[in-house]
Structure formats: structure tokens, C-alpha cells
Amino acid sequence: MIKKINQAASILGLLFCAVLAYGFWKAGLFNSKEALTSYISQFGWAGPAVFVMFQAVQVVLPILPGGLGCLAGVILFGAWKGFWYNYIGICAGSLAAFAIARVCGRPLLESIFPAKMIEKYDRWMGSGSRFAKWFAFLIFIPVAPDDYLCFLAGTTRIGWRLYTAIILLCKPMSIALYSLGLTMVAQNLLGLWR
């Protein structure tokens, strides 16, 4: 039941983002960086606040792949502000995922994520200090299933202090690489704002 709700929410969220992107495109907001920046600035502090909240929620309830959220931050707010808004939102969502899993335990993982994924990472990451080392490494690199790993960490013995330190210190690299890499793709392959 939880898995179906999660899938439905993800599909609806993805459709909403696609409709929003189409609306921006039709309005010509992707034609120039200035047009998009001017449009977003109309919302004042609410624009960044909604984006940060979106990034936090999408860690707990995946709406878009994390890399696309990072790209959206850079496109909407520029490289530096986009990075910081991504960082704040993703870290907040990562802490929330850990807290939820700490309260709900292992049954939550089994109701949301595929059994093969759970089995793979259980076997691969081990427990105790081995888990913390692998967790830090995987959070640092930009290709790991971070959202799942945050939930998984909540079901282990890793403490709040160590978990928070790993998230705050290791997340910036993967966020920066996603943001930079996808921005280059958007500019060079899609021709945005060249």
C-alpha cells in the first residue's frame, strides 16, 4: 500500500514538474537567463523557500531524480545560490529521511524500496564502522542512491551526530558535480543560454 502511494505521488510530482517546465518553455523563460531570473525574482523570498522545501520533500518522496532537482536549482537561481539552495534542501530532506526511518524501522524500507536493492546494500555495506565508511563514501560520490541510503542509515546503529556530519560534509561534492555536470549538458547539448 505504501509503495503504491509512493509511486502515485512520484508520478503526479513528475507530471506537475513536466507541466511547469512546459509552461516556462511556452512563456519563453528558457530563451534567456535574464527572463527566467526576472520571473523568479517576482516571488521574492518565497521562490527560494519553495524550492528548498521541494528539494527536502523530494528526498523523502522522490518526485524527480536528484540530479534534475540540482539542475533546476542552478537554472532557476544561478550557480552559487542554486548550489546553496540545493544543499540546504537536500540536507534537510536527508535528515528527515533518517528520522523517519529511525522511528519506523526496517518495515518502512521493505514497503518502499525493492527487495533486491535492500539485499544488495545490506550485503555490501555491512554494519558498524564499516557501514559508516561506506555510507560516507557513497554520499560523497554523485552516482549512489542517496535517498535510499539515508533511509537505510536510519535503521542502523549509526548515531545522529556521525550521520549529520557525514551528510553536511560529504553532500557538497555530489551536489556540486551534479549541478556543474548537468548545467554543462543543458548549455552544450540542449543549447540553453549559450
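The rules we used
- Residues numbered from 1 in each chain as written.
- Predicted model: local features only at pLDDT ≥ 70, side-chain atom pairs only at ≥ 80, totals over all residues.
- Heavy atoms only, no water.
- Salt bridge = Lys/Arg side-chain N within 4 Å of Asp/Glu carboxyl O.
- Helix = DSSP H or I, 4+ residues; strand = E, 2+ residues; numbered from the N terminus.
- Buried < 20%, exposed > 50% of the residue type's maximum accessible area, 1.4 Å probe, protein only.
- Patch = residues over 30% accessible without salt bridge, like charges linked within 9 Å, V, L, I, M, F, W, Y side chains within 5 Å.
- Areas by Shrake-Rupley, 256 points an atom, 1.4 Å probe, with all protein chains shown as cover.
- Polar contact = N/O pair within 3.5 Å; in protein donor to acceptor, adjacent residues only side chain to side chain.
- Contact = heavy atoms within 4.5 Å.

Draft legend 1. Structural context of the pattern of salt bridges. Taken as a whole and assessed by the stated rule, the structure comprises three salt bridges. The residue aspartate 122 makes a salt bridge to arginine 106 at a minimum N-O spacing of 2.1 Å. One end of the pair, aspartate 122, is in helix 7 (residues 115-125); the other, arginine 106, is in helix 6 (residues 106-112), with 16 residues separating them in the sequence. Its relative accessible area of 32% is what places aspartate 122 among the partly exposed residues. Via salt bridges that share partners, Arg106, Glu110 and Asp122 belong to a single interconnected network.

Draft legend 2. Layout of a nonpolar patch on the surface. Judged by side-chain polarity, Ile11, Leu12 and Leu15 come together as a nonpolar surface patch covering roughly 320 Å² of accessible area. When you line up the elements, leucine 12 lands in helix 1 (residues 2-26).

Draft legend 3. Geometry of the side chain of serine 174. Within the element layout of this structure, serine 174 appears in helix 10 (residues 160-188). There is a polar contact of 3.2 Å between the side chain of serine 174 and the backbone oxygen of lysine 171. In this view, serine 174 contacts Ile139, Phe140, Ile141, Pro142 and Asp146; residues no more than four positions away in its chain are not counted.

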